[in-house]
Amino acid sequence: YKSIPLFDYQEIDSLSNKKFPIIANATVVISDESGREYIIPYKQEKNLYTLAPSQCKIESGKTYRLTVNAPDLETVSATTTTPTFTTTISEINVDTFRFIFQEELVIQGFIEDQQNAKNYYRLNTYTYASYSPWYNDESEENEYFTDANLDGSKISFRIKDDFNSWDSIAVVAINCDYNYYI
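Residues numbered from 1 in each chain as written. Predicted model: local features only at pLDDT ≥ 70, side-chain atom pairs only at ≥ 80, totals over all residues. Heavy atoms only, no water.

Trainee: Provide a residue-level description of the overall build of the protein chain, including the pertinent values.
Mentor: A tally of helices and strands in the protein chain yields two helices and 12 strands. For the protein chain, with 182 residues in total, the buried portion stands at 27%. Within the protein chain, contacts between residues at least 6 apart in sequence are counted, and of these 55% link residues at least 24 apart. (Helix = DSSP H or I, 4+ residues; strand = E, 2+ residues; numbered from the N terminus. Buried < 20%, exposed > 50% of the residue type's maximum accessible area, 1.4 Å probe, protein only. Contact = heavy atoms within 4.5 Å.)

Now the structure itself:
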């Protein structure tokens, strides 16, 4: 079995549940570099394992391991180190191209890179569309890049996203671990 990916706001429907059944009886543990372990309980009403942030404080620059063990399945684990700085968007420019009923946004800007470290970034644009008081649509575009050959400089980015005149757009820059980047 493989896990059902929850990142990138993918919807879980009955078809994906048939391919990848929910495993409600696993032991899911997150541990920090000092050896503290936090068991992540399964929440039946949400069909996922979740732990309140107040129960396990994630700190920048620390390494964490997630281990999952389920009966009759192979134990899997992953390790990540949280970044030590916050990504800053130093400049942003938006241009639009109009089509018949829709526009395309071209969002360009710069991220300030931390010097003397290998850095990996995820840039998100979130589109919030409110067609009427009864309907709200959210979509997301992702762009992943690194500071290879650009250490300590301003790193340029360019993202395209569909847009309607009634939409709102948010741009978010996240620095992430290499394992998340790949």
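Let us keep going from here.
Trainee: Residue-level account of the sheet that holds strand β7 (residues 88–98), with values.
Mentor: Strand order in the open sheet formed by three strands is β7-β8-β11, and the pairing between neighbours is antiparallel. Sheet topology places β7 and β11 (154–163) at the edges, where each strand pairs with a single neighbour. Each neighbouring strand pair of the sheet contributes to a mean axis angle of 20°, computed without reference to strand direction. Pairing of strand β8 (residues 103–112) with β11, which is carried by 10 bridges, proceeds in the antiparallel orientation. Residue Val 106 lies in a different strand from β11, and its bridge partner there is Lys 160. (Pairing = 2+ DSSP bridges. Axes fitted to C-alpha atoms, helices over the stretch in contact; angles between N-to-C directions.)

Trainee: Outline the pairing of strand β5 (residues 63–69), listing residues and values.
Mentor: Where strand β1 (residues 27–32) lies against β5, six bridges are found, and the strand directions are antiparallel. Residue pairing in the sheet places Val 29 in a bridge with Thr 67 of β5. Of the strand pairs in this sheet, β5 and strand β6 (residues 76–81) are connected by six bridges, and their pairing is antiparallel. In the sheet register, Tyr 64 faces β6, and the bridge partner there is Thr 80. Taking the residues that link successive antiparallel strands as the turn, the β5-β6 hairpin has six residues, and the phi of Asp 72 there is positive, at about 65°.

Trainee: Residue-level account of unusual backbone geometry, with values.
Mentor: Its identity as a non-glycine residue notwithstanding, Asn 47 has a phi of 55°, on the positive side. With respect to the element layout, Asn 47 can be found in the loop between β3 (42–43) and β4 (48–49). One non-glycine residue, Asp 72, lies in positive phi territory at about 65°. Looking at the element boundaries, Asp 72 is found in the loop between β5 and β6. The exposure class of Asp 72 is exposed, given its relative accessible area of 82%.

Trainee: Could you give an account of the pattern of salt bridges, naming the residues involved and the relevant values?
Mentor: One pass over the full model with this rule turns up two salt bridges. Here Arg 36 makes a salt bridge to Asp 32, at a shortest N to O gap of 2.8 Å. The class of Arg 36 is partly exposed, set by a relative accessible area of 47%. For Glu 33, the salt bridge identified is with Lys 62, shortest N-O distance 4.0 Å. Of this pair, Glu 33 sits in the loop between β1 and β2 (37–40) while Lys 62 sits in the loop between β4 and β5, placing them 29 residues apart in sequence. (Salt bridge = Lys/Arg side-chain N within 4 Å of Asp/Glu carboxyl O.)

Trainee: Please provide a residue-by-residue account of the side chain of Asn 119, values included.
Mentor: Tracing the backbone shows Asn 119 in the loop between β8 and β9 (120–132). Engagement of the side chain of Asn 119 in a polar contact is seen with the side chain of Asp 113, the distance being 2.9 Å. Setting aside anything within four residues of it in sequence, one finds Asn 119 in contact with Phe 85, Asp 113, Gln 114, Thr 146 and Asp 147. (Polar contact = N/O pair within 3.5 Å; in protein donor to acceptor, adjacent residues only side chain to side chain.)

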